[in-house]
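One letter stands for each residue in the lines below.
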Amino acid sequence: MTLRSTRRTKVFASWRSVPSLVWQIALALVVGVVVVVAVWALCRLAEMPAERRPGTFFLPTVSHPFQPKETAPAGMVWIPGGEFSMGCEDPRRKPFGGPDSMADARPVHRVSIDGFWIDTTEVTNRQYAEFVEATGYQTVAERTPLAADFPGAPPENLVAGSIVFSPPREKVPLDNHFLWWAYMPGANWRHPSGPNSTLKEHDTHPVVHIAYEDAEAFAAWAGKRLPTEAEWEFAARGGRSGTVYPWGNEFRPDGRWMANTWQGAFPIQNTGADGFTGLAPVARFPANAYGLFDLSGNVWEWCSDWYQPNAYTAAGPTAGGVLRNPTGPLESFDPQEPGQNKRVLRGGSFLCSEQYCARYIVGTRGKGEISSGCSHIGFRCVQTALKDSATP
């Protein structure tokens, strides 16, 4: 081997060893840059409004430019109606998103609704008392159950009452809600916690222990009606699209409590960090962009739609991909309790927690057996605008 070839061999050997380290450093730098860019992109994506996120199911809300000629009814505000994306994405990976995929709130789909008036708050005890005083109405919970409606039930069990939240003393499995609910004789809207409780200093609390027909009766007396599920969600979103909550995407923006929900170990102890361990008076938390209160938490609210878990799939969009003024399926069906007639409930309640339920998330759905009231179910009403009263 010549001297020249020997030198070339040494140079090549040296060249092979040096780049090995250089390439490792270069690769590490490239990986680092990719990670930084990915983190930056994810942060930007999280800050981006839902309707602008790539691959999102939500499109912008388009409100109708109409205003009614009529004067606003007392305690109500005008909801302009329009076209919006209705439903909920799987919230389980979101903070406070809870353990449920909310499959019955999909697919997210486009809906168009007409404008309407809606109560700014849930109906209160004072308002319901005015209705009862004027009409003599007796709620389902105040009526003695009939033996014909409950064949085989012992006579001693046919006692008027309602279902009351009864927290257990120790930790229990969260797959059996009967462990924290109890039928209590004597419980009704006048006695929300049981026969020994009263409405003293609770005039502005939402009325509870209201079965569906009790809510309908009040609405008819007031010249109103119960909202459809689509109307309720449009109003709750306040013109926003795809946000997690009626107020935005943060559960507690700037550390502020925005709704009456459960804090602490569910269902044992509510710490009351939001200021309340049970029901709160209406309008104690910030309103949404339409000026509506308590659309998340406090009490569930009845809607007029029959409940079916696949209602959004079965309805299917009309030509153009938009459902117009949907009113829900023609009948109820809940595969978990096939024989029970149920209507849709919306908004969640003070019992909702990231450990259980989490239906304070806007777009999620609940369900309630129509002949039963509970200590966390109430309602608010809507009113259709007078014919030819809305103008551009």
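Being a predicted model, the structure only gives us computed values, none of them experimental.

**Q** Please provide a residue-by-residue account of the pattern of salt bridges, values included.
**A** Overall, the coordinates contain 18 salt bridges when judged by the stated rule. For Arg359, the salt bridge is made with Asp100, and the minimal N-O distance between the two is 2.6 Å. Pair noted here: Arg359 is in the loop between β11 (342–346) and β12 (366–369) and Asp100 is in the loop between β4 (82–86) and β5 (109–113), with a separation of 259 residues, a long-range link. Assessed through its relative accessible area of 15%, Arg359 is described here as buried. A salt bridge links Glu229 to Arg346; its shortest N-O distance comes to 3.1 Å.

**Q** Lay out unusual backbone geometry with the relevant residues and their values.
**A** Residue Pro107 follows Arg106 across a cis peptide bond; omega there is 5°. Among the secondary structure elements, Pro107 is positioned in the loop between β4 and β5. Going from Phe266 to Pro267, the amide bond is cis rather than trans, its omega being -5°. Position of Pro267 among the secondary structure elements: in the loop between α4 (229–237) and β9 (300–306). In this model, Glu201 sits at a positive phi of 65°, which is unusual for a non-glycine residue. Note that Glu201 resides in the loop between β8 (181–185) and α3 (212–221). Positive phi values are uncommon outside glycine, yet Asp294 reaches one of about 60°. With respect to the secondary-structure elements, Asp294 resides in the loop between α4 and β9.

**Q** Quick one: what's the story with helix α2 (residues 125–135), residue by residue and with numbers?
**A** Among all positions of α2, only Asn125, Tyr128, Phe131 and Val132 are buried. Buried residues along α2 cover an arc of 120° about the axis, so they all sit on one side. Exposed positions of α2 whose direction lies more than 90 degrees from the buried face are Glu133 and Ala134. Buried positions along α2 lie against α3. Looking one or two residues beyond α2, the residue adopting positive phi is Gly136, at roughly 75°.

**Q** How would you sum up the confidence of the model for the chain? Please name residues and give values.
**A** Mean pLDDT for the chain: 88, with 83% of residues reaching 70 or above. When the criterion is pLDDT under 50, residues 1–18 qualifies, and its contacts beyond four places in sequence or with other chains add up to three contacts. Note that pLDDT drops below 50 for residues 34–55; the model gives that stretch 16 contacts with residues more than four away or on any other chain.

**Q** Go over the environment of His64 with me, naming the residues and quoting the values.
**A** Along the chain, His64 turns up in the loop between β1 (62–63) and β2 (67–68). Each C-alpha atom of the pair His64 and Glu83 lies 8.0 Å from the other, and the pair is 19 residues apart in sequence. A distance of 3.4 Å separates a polar atom in the side chain of His64 from the backbone nitrogen of Gly82.

Rules used throughout
Residues numbered from 1 in each chain as written. Predicted model: local features only at pLDDT ≥ 70, side-chain atom pairs only at ≥ 80, totals over all residues. Heavy atoms only, no water. Salt bridge = Lys/Arg side-chain N within 4 Å of Asp/Glu carboxyl O. Helix = DSSP H or I, 4+ residues; strand = E, 2+ residues; numbered from the N terminus. Buried < 20%, exposed > 50% of the residue type's maximum accessible area, 1.4 Å probe, protein only. Arc of directions from axis to C-beta. Contact = heavy atoms within 4.5 Å. pLDDT = per-residue confidence, 0-100. Polar contact = N/O pair within 3.5 Å; in protein donor to acceptor, adjacent residues only side chain to side chain.

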